[in-house]
Structure formats: structure tokens, C-alpha cells
There are 2 protein chains.
Amino acid sequence: MLMEKHTAFETEITRAGEFAPALSLGSLFQAQPAETLGSGKALFWEGDPTNHLFEIAEGVIRLYRIIGEGRRVITAFLFPGDIVGASLQDRYLYTAEAVTDCRIRRIGRKTFHDEVSRSPCLRPDLIALLCRETAAAHDQMVLLSKKNAEERLCSFLHDLLRRGPAGAEEIGAVSLPMSRLDIADYLGLTIETVSRTITKLANRGVLTPVGRHEIRILQPRRLAHLSGDGRDGASLH
Amino acid sequence: MLMEKHTAFETEITRAGEFAPALSLGSLFQAQPAETLGSGKALFWEGDPTNHLFEIAEGVIRLYRIIGEGRRVITAFLFPGDIVGASLQDRYLYTAEAVTDCRIRRIGRKTFHDEVSRSPCLRPDLIALLCRETAAAHDQMVLLSKKNAEERLCSFLHDLLRRGPAGAEEIGAVSLPMSRLDIADYLGLTIETVSRTITKLANRGVLTPVGRHEIRILQPRRLAHLSGDGRDGASLH
DNA sequence: CGACTAGTTGACATGAATCAAAACCTGTGG
DNA sequence: CCACAGGTTTTGATTCATGTCAACTAGTCG
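J.: When you look at the overall build of chain A in this model, what are you seeing that I'm missing?
T.: Per the secondary structure count, chain A includes eight helices and eleven strands. Split into buried and exposed, the 237 residues of chain A put 53% on the buried side. Contacts in chain A between residues at least 24 apart in sequence constitute 70% of all its contacts with a sequence separation of at least 6. Per element, the accessible surface of chain A, about 10200 Å² overall, is 54% carbon and sulfur.

J.: How should the protein's contact with DNA strand C be read in this particular structure?
T.: Around DNA strand C sit 16 residues, and of these R196 and T199 of chain A together with A149, T193 and R196 of chain B come closest. The contact atoms of DNA strand C, taken as those within 4 Å of the protein, divide so that sugar and phosphate hold 65%. A distance of 2.9 Å is found between a base nitrogen of DNA strand C and a side-chain nitrogen or oxygen belonging to R196 of chain A. With respect to DNA strand C, the side chain of E192 of chain B contributes an N or O atom lying 3.0 Å from a base nitrogen. Looking at the surface near DNA strand C, the elements with two or more residues in it are α7 (191-203) of chain A together with α7 (191-203) of chain B. Taken together, the residues of the surface near DNA strand C break down into two nonpolar, seven polar and seven charged.

J.: Can you walk me through the protein's contact with DNA strand D in this structure?
T.: Of all residues adjacent to DNA strand D, which total 16 residues, the nearest are T193 and R196 of chain A together with R196, T199 and R212 of chain B. In DNA strand D, atoms within 4 Å of the protein come 61% from sugar and phosphate. Within the contact set of DNA strand D, a phosphate oxygen lies 2.9 Å away from a backbone nitrogen or oxygen of A149 of chain A. Taking R212 of chain B, its side chain carries an N or O atom lying 2.9 Å from a base oxygen of DNA strand D. At the level of secondary structure, the elements contributing two or more residues to the surface near DNA strand D comprise α7 of chain A together with α7 of chain B. Per-element accounting of the surface near DNA strand D gives the leading share, four residues, to α7 of chain B. Across the surface near DNA strand D, the residue classes tally to two nonpolar, seven polar and seven charged.

J.: Mind showing me how you'd approach the interface of chain B and chain A here?
T.: Quoted interface sizes are often the accessible area lost when the parts come together. Contact with chain B, which involves 43 residues of that partner, is made by 43 residues of chain A. Taken together, the two surfaces of chain B and chain A that pack against each other cover about 3900 Å², and 59% of this comes from carbon and sulfur. When residues of chain B are sorted by the area they lose upon contact with chain A, H138, M141 and K146 of chain B head the list and together hold 16% of the total. Counting across the interface, chain B meets chain A through six salt bridges. Residue K146 of chain A pairs with D185 of chain B through a salt bridge whose shortest N-O separation is 3.3 Å. Our count for the contact surface shared by chain B and chain A stands at twelve residue pairs in polar contact (both at pLDDT 80 or more). Among the elements that make up the side of chain B that touches chain A, the one with the highest residue count is helix α3 (residues 123-146) of chain B (16 residues). Looking at the side of chain B that touches chain A, its residues break down into 16 nonpolar, 14 polar and 13 charged.

J.: Any chance you could explain the pattern of salt bridges here in plain terms?
T.: A side chain with one charge may pair with a side chain of the opposite charge, provided their charged atoms come close. The full count for this structure, using the stated rule, is 35 salt bridges over all chains. As a salt-bridge pair, R118 of chain A and E115 of chain A come within 3.0 Å of each other at their nearest N and O atoms. A residue pair is termed a helical-turn pair when its members lie 3 or 4 positions apart in one helix, as R118 of chain A and E115 of chain A do in helix α2 (residues 109-118) at three residues. Given the relative accessible area of 63%, R118 of chain A is considered exposed. E150 of chain A is paired through a salt bridge with K200 of chain A; the nearest N and O atoms lie 3.4 Å apart. You can see E150 of chain A sitting in helix α4 (residues 149-163) and its partner K200 of chain A sitting in helix α7, a full 50 residues away along the chain. Judged by its relative accessible area of 42%, K200 of chain A is partly exposed. A single network of salt bridges, built from pairs that share partners, joins R62, R72, E97, D182 and D185 of chain A together with K146 of chain B.

J.: What is the right way to look at the sheet that holds strand β6 (residues 83-84) of chain B in this model?
T.: Residue and element names in this part refer to chain B. Spatial ordering of the open sheet is given by β1-β8-β3-β6, a layout of four strands whose pairing is antiparallel. A strand with exactly one partner marks an edge of an open sheet, and here the two such strands are β1 (35-37) and β6. Against the sheet, helix α2 (residues 109-118) contacts β3 (52-58) and β8 (102-108), and its axis sits at roughly 70° relative to β8.

Cut-off values and rules
- Residues numbered from 1 in each chain as written.
- Chains lettered and ligands numbered in written order.
- Predicted model: local features only at pLDDT ≥ 70, side-chain atom pairs only at ≥ 80, totals over all residues.
- Heavy atoms only, no water.
- Helix = DSSP H or I, 4+ residues; strand = E, 2+ residues; numbered from the N terminus.
- Buried < 20%, exposed > 50% of the residue type's maximum accessible area, 1.4 Å probe, protein only.
- Contact = heavy atoms within 4.5 Å.
- Areas by Shrake-Rupley, 256 points an atom, 1.4 Å probe, with all protein chains shown as cover.
- Near = heavy atom within 4 Å.
- Polar contact = N/O pair within 3.5 Å; in protein donor to acceptor, adjacent residues only side chain to side chain.
- Nonpolar A, V, L, I, M, F, W, Y, C, P; charged D, E, K, R; others polar.
- Buried area = accessible area lost by both parts, 1.4 Å probe.
- Salt bridge = Lys/Arg side-chain N within 4 Å of Asp/Glu carboxyl O.
- Pairing = 2+ DSSP bridges.
- Axes fitted to C-alpha atoms, helices over the stretch in contact; angles between N-to-C directions.

Structural data, given as C-alpha cells:
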């Protein structure tokens, strides 16, 4: 996923086994003023010329494409610390829209490339960023291609749990700022199926919904198992 | 897709509206001896350290991941001129296997990065390559997430037609070196559904199968329409 | 507090998966 | 050159997961 940890941009200890956030690249944005973007507003549209790269300072962004009549595919959610635009050429391939009120910083595409060219130490970070995007895209293809509704939901929640604020993982708190429709369009399902699947997992004691925008994971290991990512299909008790 | 045109690597006129192949990057491989890889043999395995980048000189390669019991997801097919490995860090994220007998060239990862660092003119090509991979991944997510069996098949054939040898497009000839199972695992369907969908399209006069490994497209415009990529759902008579 | 939208639940429809069998290529040996 | 053996592909019958349509419920925000 394009999702990073919900972290600030300063140098920070990353938890073992995780990708290090693109801190050095993030520092390019530091000097820029933060702009605000109200919930539901677009940061850019699919097809717009890619004049800028953005870093999310606060809030959540969805990236999506529309095909045909009313079919929307959300390809990623972006969280604080994430950067969007690095893997694009002349045109944006998707629309970016604020899920919640956001604060973002931007730099010009040309400036970005110049900076990366000038300081060779940024290049590994850029490569790492692009690799993470690629890896996320591959995971999503696997999810969409071979996982059932339950596995999709569990993968999604498991991801949010791992990438959420460090303290929250311990108590199993996952915040879901996006709507059920957003989740559905991200997972290739319908709202109804998302809703039913959450209910089913709640009945089985894997999790409990807390209001509309939070879920408490009661059995994190079981959740990980149900996400279908393990090397085998062994059941957990 | 990671699919490029079936072209040699020299400078070449590309057809209007297409991405220019990464010619300059390809030239890095020119000096290397071509290795042969028999059909069905692996070029590398998911999880192997990424010591090399490869360029396909001849033949077709499939990239795939396995999840759980026997679920295989083909994330891309590679054709002559394509390069694999540029968007990877320390480990391959997928297995690469020869669909047909192949000839390939390799260069070391370090050499590759050194060369790109040394000659700034290669950098735009690398970026273009990564962008194409990203764009292909996004298209595939849309396909897997929102398209039905017929749209998937048509998208796939349409792609092969566009990217196939220049002469073949005129007569609507699409060669399918891969098995039905490969196609199914690429499109997120089963062999039976792939087969049935081809039959249905044949009955409607959109195409005719020619043996097992070729399909003649009779109505290319209709095929494009059925792929569901258009901005609207308007029907073609 | 009340109205509106988002989410849940239920009944039913359907496209694709599954299971099973027949037809078709492909390559091999007589 | 033909027959046969192997796997691959096609076709058919049935099942099942998820989508669709519709009603109900519960958050949320003024």
C-alpha cells in the first residue's frame, strides 16, 4: 500500500520489520507551507498535468479512478508522511481526494527531480519509495484476484493495525476515517458485503465495532491468519 | 502492463499514442551474452536476493506469486524488450518463469545503478520504465476490481493486439503463447470461464480462435469497446 | 431534539466457481 | 502414415459467494 505509518516527519525509530518511511524525501517538503484541504475536496484530478508532488502532513487521502458509468476503484489510501506523485510522468493517473480534513505540503515536480539529482543520498530513498509503491500494488492485485470477502477485510484491517499509530496496535484499536463505500471500493466489494463481513467477524469474536469509525481487534493473531497471507492454509485452533 | 512492443532494442519509430520503449536502458544489456531459458524454467524465485536485472531478448515470461494452498496470481507477462527488476529492492517480490523458450540478458544490480547514476540521460528512461510499471499495475487493479469476465478477456486481448508485432495488428492476429490457466491466473478467473468467454465472443463474431495459441480479432473496435475502458458505457450498435 | 445520511439486515438474483465428462490437440511409437 | 496416450481445452450441470434491491436502524450534525 501507499500507506505509511501515521508518523511525523522527523527522524524517528521505526518498528522492527517495517519499511523505514521516506524521511529524507519528506524533508524536501519541510520548508513548504502547509495547505489545508477540506474533507471531500480534490487535491488533483486524473488527467491533470503533474506539476507537483504532495506530502500528507495530516489527514487521509484516497486515490481513485473511475471507469465507465459509476464504477470507482480506490487504488490507495494515503496517511501522514506519505508522498504522492513520485511515480508519475506528465499526467496524474488517478484523482486524489481528501477523506478527512487534511494538511498537505507541495513541491514542484522539476524542483523535486533537481533535488534528487543534486543530492545522491536522496536517490536510495526515492527508489525505496517507488519499490514500496510497487510492492503495495502487487499485494493489492493478489488481494483482488484471489481473496474472498473475509480475507480482503482482514488484510485491510491488519494493514491499518500495523500502520496505525504505535500505541494503538497494543490495544487493537483501528480507526476507520473512511466510509464503508470507500472501503468497499478499495477492496473490490459492495458496502453490503463489507458490512456483513464485519458483523460476521464480530460474531466470531475477532473484533468489535466501536461507533462507525473505529474497530477494536480482539484477536490480532487470528485476524492475521484470516487475511490469507500466510504461506499455508493452516487454521488457528 | 509490463508488456512492451515485440521489438528489437535499437532506436525505432513507435506508433502514435504509445509509450516509447526504454531503448536507452535496453542498450545497457546489449554487451551481455544472451542466455537461454527453457520453457517452464524459472529465471528467479520470489524471495531470492535481487542480484540481477534481466532483459527479455526473445520469448515470453510470466511473473507470479503464490498465496496459501494452490492460489497463483500472475501479475504480468513480459515480452521481448521488457526489463524486469528495476522496481525491486533487496528481494524479488515474485517468481519469473519462462512461458516459452526464452533468450535473456542480465546485468548486475549494482552495475545497473552505477550506470544510471553515471549517465544522467538514462534517468528519464528509468523513471519512464517505473511509471509504466505503476500505470500497468493500476490498470490491472481496475480490471480485477471492477470488470466482469468478458471485459477482462477483451482488455487482455486488446492489450496483446496493441502490443503485438506491428504487422499483426492490421490483420487482427493475436498470438497466445501462454496456456488458458496462465490467462485465468492473470485475469483472476478460472480456465473454464476464460474458455466460455472466448466461445461467447466467437459466437458473437468478435473473434475466431485459430488453434490453441492464436486468436483472430474480427472486430477490433468492438473488442476495445467491450474491454470497458471507455469513458462511458455507450454501446457499439 | 429531530432530520438526514450512513450503515445494517434481509430476501432474492446472478455471474462465476466447481465438479464432471467429452472433445480436441500434440507428440510418440509402431 | 496412422493410432494411441497424454495433457489441455471445451462444454454441461450444479452450487455458492457476492451483488442487487428494499426495508429498517442508528449515528451524526444542525
